[in-house]
Amino acid sequence: AISACSLVLFDASEFSKLIHNYAEIREFAYMVIENELRFKATKEIYFSSKSASERLQFFRETYPGLENRIQLNHIASFLGITIVSLSRLRARMR
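What you are looking at is a predicted structure, and each value in this text was computed from that prediction instead of being measured. For every chain, the first residue of the written sequence is number 1, and numbering continues from 1 onward in sequence order. Local features in this predicted model are restricted to residues whose pLDDT is 70 or higher, and side-chain atom pairs enter the listing and the counts only when it is 80 or higher, whereas totals over whole chains, interfaces and linings include all residues. Note: side-chain values were computed over all heavy atoms of the structure, leaving out hydrogens and water.

(A) Broad picture of the packing of aromatic side chains. Stacked, tilted and edge-to-face pairs are distinguished by plane angle, under 30 degrees for stacked and over 60 for edge-to-face with tilted covering the rest, among Phe, Tyr and Trp rings (Trp via its six-membered ring) whose centres lie within 6.5 Å. All told, the structure shown has eight aromatic pairs when counted by the stated rule. Ring plane angle 90° and centroid distance 5.5 Å describe the contact between phenylalanine 47 and phenylalanine 58, whose orientation is recorded as edge-to-face. In this pair, phenylalanine 47 is assigned in helix H2 (residues 23–48) and phenylalanine 58 in helix H3 (residues 52–62), connecting sequence segments 11 residues apart. Phenylalanine 47 gets classed as buried once you look at its relative accessible area, which sits at 8%. Between the aromatic rings of tyrosine 63 and phenylalanine 78, the centroid separation amounts to 5.9 Å while the plane-to-plane angle is 85°, which identifies the pairing as edge-to-face. Here tyrosine 63 is found in the loop between H3 and helix H4 (72–79), whereas its partner phenylalanine 78 is found in helix H4, with 15 residues between them in sequence. Residue burial is assigned from relative accessible area. The probe radius is 1.4 Å, only protein chains are included, and a residue is buried under 20% of its type maximum, exposed over 50%, and partly exposed in between. Tyrosine 63 sits in the partly exposed class, given a relative accessible area of 27%. Aromatic rings pair up to connect Tyr46, Phe47, Phe58, Phe59, Tyr63 and Phe78 into one cluster. Only when the NZ atom of a Lys or the CZ atom of an Arg is both within 6 Å of the ring centre and within 35 degrees of the ring normal do we say a charge sits over the ring. A cation over a ring is seen here: lysine 43 above phenylalanine 78, with NZ or CZ 4.4 Å from the ring centre. Directly above the ring of phenylalanine 47 sits arginine 55, whose terminal nitrogen or CZ lies 5.9 Å from the centroid. Each helix corresponds to a stretch of at least 4 residues labelled H or I by DSSP, and each strand to a stretch of at least 2 residues labelled E; elements are numbered beginning at the N terminus.

(B) Inspection of H3 at higher detail. Among the residues making up H3, those that are buried are Arg55, Leu56 and Phe59. Relative to the axis of H3, the buried residues are bounded by an arc of 100° and lie together on one face. Should any heavy atoms of two residues lie within 4.5 Å, those residues are considered in contact. Contacts made by the buried residues of H3 are with H2, H4 and helix H5 (83–92). Regarding the arc, it is the one traced by the directions from the helix axis to the C-beta atoms.

(C) Focus on the nonpolar core. Core analysis: the largest hydrophobic core is formed by 11 residues, namely Phe47, Leu56, Phe59, Ile70, Ile75, Ala76, Phe78, Leu79, Ile81, Leu86 and Leu89. Elements represented by at least two residues in this core include exactly H3, H4 and H5. When residues in this core are grouped by element, the largest group, four residues, is from H4. Look past the residues within four positions of leucine 56 in its chain and what remains in contact with it is Glu67, Leu79, Leu86, Leu89, Arg90 and Met93. The term nonpolar core refers to a set of buried residues drawn from Ala, Val, Leu, Ile, Met, Phe, Trp, Tyr and Cys, joined through side-chain atoms within 4.5 Å.

(D) Structural context of a nonpolar patch on the surface. There is a patch of nonpolar side chains on the surface, built from Phe28, Met31 and Val32 and spanning about 270 Å² of accessible area. Relative to the assigned elements, phenylalanine 28 resides in helix H2. Here the term patch refers to residues with relative accessible area over 30% and no salt bridge, with like charges joined within 9 Å and nonpolar side chains (Val, Leu, Ile, Met, Phe, Trp, Tyr) within 5 Å. Here the accessible surface of atoms and residues is derived via Shrake-Rupley with a 1.4 Å probe, and residues count as covered only by protein chains that are part of the display. Each salt bridge in this description consists of a side-chain nitrogen of Lys or Arg and a carboxyl oxygen of Asp or Glu lying within 4 Å of one another.

Printed below as a string of structure tokens:
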């Protein structure tokens, strides 16, 4: 991990049983999935119409401070660019 965190592990088959048997857990799981899908779709639509520098600016504004805490290859992957392009962009945008 890049910072202190808590992690909960679930056995997939046991979690499926909980979703099947408890409406509250099912609703929560569906809400999480729906939110993640909405975020991904919004990001993909937004990123498809933006330049690499605009995407980097979005990353910096959305996740302040994270750029200096995680590996650049992860940021490049998130932005849909190569690590070489990211390095050049970062040098230009300082």
